[in-house]
Amino acid sequence: DAGVTQSPTHLIKTRGQQVTLRCSPKSGHDTVSWYQQALGQGPQFIFQYYEEEERQRGNFPDRFSGHQFPNYSSELNVNALLLGDSALYLCASDNGVWVNNEQFFGPGTRLTVL
Amino acid sequence: QKEVEQNSGPLSVPEGAIASLNCTYSDRGSQSFFWYRQYSGKSPELIMSIYSNGDKEDGRFTAQLNKASQYVSLLIRDSQPSDSATYLCAVSGVKNKLVFGAGTILRVKS
């Protein structure tokens, strides 16, 4: 049973650049959520995708955008990178039909902005 | 007031002891409650979920929920050095958006 996968594992960018992170959900899951985790903090919700649409969004600027594909995989795009965007980016998946869903996380992408 | 609050620790317990981790939340509409374990440099791993008042046991782990007091706890019995990690409390409402606390660092000393 394949778990959540993310790519790349690590990424180094410079300020002002753009980055795309990728996620494949756990087998049988159709909902993907993205979180940003700064050092020493808990993950912060960025947005959630279900049926190829953004279902809800956290308090992140429009520089953060996403997409979900028909196979339920997802991308997170960040434009005009800032130093403060350096963090661990986590993707989590669940079966979006039910309310009390357990979300399972991928290994994350460590983004460093120089 | 933070939405989900945890004592940052570190909480140090001797091997074989019971570790008690606590979490409070502010949104009374929260419906689902989770504990994740996160080792340094790794992603969060789900260890317990609880949805109704009372206790839920799974092996050495017991989650406790008190919605009236807006309080969730995690007990780890017979703590092992391998339990040393950061424990994240997360709550969600109808839309299944997880809101996390900052985590409690647990250190189990052998």
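Residues numbered from 1 in each chain as written. Chains lettered and ligands numbered in written order. Predicted model: local features only at pLDDT ≥ 70, side-chain atom pairs only at ≥ 80, totals over all residues. Heavy atoms only, no water.

S.K.: I'm lost on the packing of aromatic side chains in this one. Help?
M.R.: In this description, a pair of aromatic rings is defined by centroid distance and the angle of the planes. Going through the model one piece at a time under the given rule, you end up with 11 aromatic pairs over all chains. Relative to B:Tyr36, the ring of B:Phe34 lies with its centre 6.5 Å away and its plane at 50°, an arrangement referred to as tilted. Note on B:Phe34: relative accessible area 1%, which makes it buried. For the pair B:Phe34 and B:Tyr51, a centre-to-centre distance of 6.1 Å together with 80° between the ring planes defines the contact as edge-to-face. Taken as a pair, B:Phe34 in strand β4 (residues 32-38) and B:Tyr51 in the loop between β5 (45-50) and β6 (54-58) lie far apart in primary sequence, 17 residues in all. The exposure class of B:Tyr51 is partly exposed, given its relative accessible area of 26%. In this structure an aromatic cluster arises from ring pairing among A:Tyr35, A:Phe45, A:Phe105, B:Phe34, B:Tyr36, B:Tyr51 and B:Phe100. (Phe/Tyr/Trp six-rings, centres within 6.5 Å; stacked < 30°, edge-to-face > 60°. Buried < 20%, exposed > 50% of the residue type's maximum accessible area, 1.4 Å probe, protein only. Helix = DSSP H or I, 4+ residues; strand = E, 2+ residues; numbered from the N terminus.)

S.K.: What exactly am I supposed to notice about the layout of surface pockets here?
M.R.: A water-sized probe, rolled over the atoms, reveals where empty space remains. In this structure, the largest pocket spans a volume of roughly 400 Å³. What lines the largest pocket is a set of 20 residues, and nearest its centre among them are A:Gln37, A:Leu39, A:Gly40, B:Gln38 and B:Thr86. Counting residues per element, the ones that place at least two in the lining of the largest pocket are β9 (85-92) and β11 (104-109) of chain B. When residues in the lining of the largest pocket are grouped by element, the largest group, 3 residues, is from β9(B). Within the lining of the largest pocket, the residues separate by chemical class into 8 nonpolar, 10 polar and 2 charged. Within this model, the second largest pocket holds a volume of roughly 330 Å³. Residue assignment for the lining of the second largest pocket shows that the elements contributing at least two residues are β5 (44-50) of chain A together with β10 (99-100) of chain B. Across the lining of the second largest pocket, the residue classes tally to 8 nonpolar, 6 polar and 3 charged. (1 Å grid on protein atoms, 1.4 Å probe; cavity = no way out; pocket = protein on both sides within 12 Å on 5 of 7 lines; lining within 4 Å. Points joined across faces, edges and corners; volume = space filled by probe spheres on them. Nonpolar A, V, L, I, M, F, W, Y, C, P; charged D, E, K, R; others polar.)

S.K.: Please clarify how the state of the cysteines should be interpreted in this entry.
M.R.: Working definition: the covalent bond between the sulfur atoms of two cysteines is a disulfide. Residue and element names in this part refer to chain B. Per the counting criterion, the structure on display carries 2 disulfides over all chains. Here Cys23 connects covalently by a disulfide to Cys89, the sulfurs 2.1 Å from one another. Because the sign of the S-S torsion sets the handedness, a value of about -70° for the bond joining Cys23 and Cys89 places this disulfide among the left-handed ones. With Cys23 in strand β3 (residues 19-25) and Cys89 in strand β9, the pair connects residues that are 66 residues apart, well separated along the chain. Here Cys89 falls in the buried class, since its relative accessible area comes to 1%. (Disulfide = S-S within 2.5 Å.)

The values are spatial; any link to function lies outside them.
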